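# Chain and residue survey
Letter by letter, the chains look like this.
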Amino acid sequence: MAVEEASLVKSGDTEADSSGAPLPPVESGSSRSGPYVSGLIAVMFWGTTPAATVLVAHDMPSSLIGPSRLLLAAMFLLPMVLLLRPPLPTDRGGWIAVAINGVIGFGGSFFLQGLGFSRTSTSHAALILACAPVFTSIIQHVLSRTFPRTLWLIGSAMALCGETFLIGARSNGDVFGSGTMVGDIIVLIGTITVSIGYVAGARASARIGLFGATAWSIIFGAALVTPLLPSVLEAISGVTVVGGGALFFLAVFCTLIGFAAWFWALDKGGVSAIAPLQFGQPIVSLLIAVIFLGEQLSTSIFAAVGLVLTGVYFCRKSA
């Protein structure tokens, strides 16, 4: 979720951090490997999100998984915020960006992921999420009133064709796992909300920095779902060790540690060098689906993988 937040604050061919300052040059030797390792750790965590969500769904209503994840993440994040005191927005635009990122980017996407991941296969969810950069670029082009390059149009068309093929190729029993079309569509809508959060997060980050934008957005989103706290606590009290461990993993590793590792990697390694690592996220999810969840990958899903990943690659290449 962090790729576009950083990539959207580039100016020309010069990379910049969220405040607009040029990123430091990447040094050679062992210092160069650190950002890549950090980025890969984040990608590994994010790649497990669909499978971990499915495990939680065995123990609690899918509608409460997103709020539970968000509230738990905020609980662990709050002491850090009180200690470090990241800056708050100072203008109306900054507050709007934080609110949109918190409500839609975190709250909305976590809620829809909880609903959708439990109703589709991990392999489907992985490939649908892989299209987030395409939706982010579409939103950014609309807001900036710019026309994309030809290569971007080709790439986005390929990726969206792959998504359509993935969701629709269910005849003759050609279903990859136990997914449903409804689950796929929910995950697709959730991916769009993630993309809205990317754009809003980029604008908030430009004002108060990556950590401040993410921290306040999570807390803002958690505050919105606080009325659900009694239901969340009741649901958590009944989870098994496996379900509770998966929820903890989602809140702490996939959300807090994952974002921290990714932001550090982007800052130290540079956006152009680190961003392509996110291509590995759907691969991680697919491996988990096959090895641990026993999902079968047909020739249809391999075709969808090729279309989606090639399309996203062309979109990034044209940026």
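Residues numbered from 1 in each chain as written. Predicted model: local features only at pLDDT ≥ 70, side-chain atom pairs only at ≥ 80, totals over all residues. Heavy atoms only, no water.

## Focus: unusual backbone geometry
The phi torsion of most residues other than glycine is negative, and most of the peptide bonds are trans. Despite not being glycine, Arg 85 has its phi angle at roughly 50°, a positive value. Tracing the chain through its elements places Arg 85 in the loop between α4 (65-84) and α5 (92-117). Arg 85 sits in the exposed class, given a relative accessible area of 69%. One non-glycine residue with positive phi stands out, namely Arg 145, at about 55°. For Arg 145, the location among the structural elements is in the loop between α7 (132-144) and α8 (150-168). The exposure class assigned to Arg 145 is exposed, which follows from its relative accessible area of 79%. (Helix = DSSP H or I, 4+ residues; strand = E, 2+ residues; numbered from the N terminus. Buried < 20%, exposed > 50% of the residue type's maximum accessible area, 1.4 Å probe, protein only.)

## A word on the nonpolar core
One finds Val 56, Met 60, Leu 70, Leu 77, Ile 218 and Trp 262 to be the most contacted residues of the largest nonpolar core, which totals 46 residues. Listed by contribution, the elements that provide at least two residues to this core are α2 (30-47), α3 (49-57), α4, α5, α9 (181-208), α10 (210-224), α11 (229-237) and α12 (241-269). For this core, the element with the highest residue contribution is α12, accounting for twelve residues. Leaving out residues up to four positions away in the same chain, Leu 77 has contacts with Phe 211, Ala 215, Ile 218, Ile 219 and Leu 256. Listed in part, the 22 residues of the second largest apolar core include Ala 125, Cys 131, Val 187 and Val 312. (Core = buried A, V, L, I, M, F, W, Y, C linked by side-chain atoms within 4.5 Å. Contact = heavy atoms within 4.5 Å.)

## Here's the deal with the environment of Pro 89
Looking at the element boundaries, Pro 89 is found in the loop between α4 and α5. Here Pro 89 falls in the buried class, since its relative accessible area comes to 8%. Along the primary structure Pro 89 and Gly 209 are separated by 120 residues, whereas in three dimensions their C-alpha atoms are 9.9 Å apart. In contact with Pro 89, other than residues within four places in its own chain, are Gly 94, Trp 95, Val 98 and Ile 208.

## A short note on the packing of aromatic side chains
Given two aromatic rings, their pairing is described by the distance between the two centres and the angle made by the two planes. Taken as a whole and assessed by the stated rule, the structure comprises eight aromatic pairs. With a centroid separation of 5.6 Å and 90° between ring planes, the pair formed by Phe 45 and Phe 249 is classed as edge-to-face. Taken together, the positions of Phe 45 in helix α2 and Phe 249 in helix α12 put the pair 204 residues apart, joining distant regions of the chain. Ring centres of Phe 45 and Phe 253 lie 5.4 Å apart, and the angle between their planes is 75°; on these two criteria the pair is classed as edge-to-face. Residue Phe 45 is found in helix α2, and its partner Phe 253 is found in helix α12; the two are separated by 208 residues along the sequence. In this structure an aromatic cluster arises from ring pairing among Phe 45, Phe 76, Phe 248, Phe 249 and Phe 253. Above the face of the Phe 110 ring, Arg 69 is positioned so that its terminal group lies 3.8 Å from the ring centre. (Phe/Tyr/Trp six-rings, centres within 6.5 Å; stacked < 30°, edge-to-face > 60°. Lys NZ or Arg CZ within 6 Å of the ring centre and 35° of its normal.)

## Here's the deal with the confidence of the model for the protein
In low-pLDDT segments, the atomic positions of the prediction should not be examined closely. Chain-level pLDDT for the protein is 82 on average; 86% of the residues reach the 70-or-more range. Within the protein, the element-level pLDDT minimum falls on helix α1 (residues 3-7), averaging 45, and the maximum on α11, averaging 95. Within the model, the stretch residues 1-30 combines pLDDT values under 50 with 71 contacts to residues more than four positions away or in other chains. Note that residues 171-177 has pLDDT below 50 and, in this model, 17 contacts with residues that lie over four places away or in other chains. (pLDDT = per-residue confidence, 0-100.)

## Some points on α7
Compared with an ideal rise of 1.5 Å per residue, which puts 13 residues at 18 Å, α7 spans 18 Å between its outermost C-alpha atoms and is within 8% of the ideal. Among all positions of α7, only Ala 132, Pro 133, Val 134, Phe 135, Thr 136 and Ser 137 are buried. (Expected span 1.5 Å × (residues − 1).)

## Side note on the packing of α4 against α12
Contact geometry of α4 with α12 gives a least axis separation of 9 Å together with a crossing angle of 60°. When the interaxial angle is binned, α4 and α12 end up oblique. The two elements α4 and α12 meet at a crossing, and its hand is right-handed. On α12, the residues that touch Ile 65, Ser 68, Arg 69, Leu 72, Ala 73, Phe 76 and Leu 77 of α4 are Leu 247, Phe 248, Leu 250, Ala 251, Val 252, Cys 254, Thr 255 and Leu 256. Across the contact of α4 with α12, the residue classes break down as twelve nonpolar, two polar and one charged. (Axes fitted to C-alpha atoms, helices over the stretch in contact; angles between N-to-C directions. Parallel < 35°, antiparallel > 145°, perpendicular 65-115°, else oblique. Left-handed = near helix turned anticlockwise from the far one by under 90°. Nonpolar A, V, L, I, M, F, W, Y, C, P; charged D, E, K, R; others polar.)

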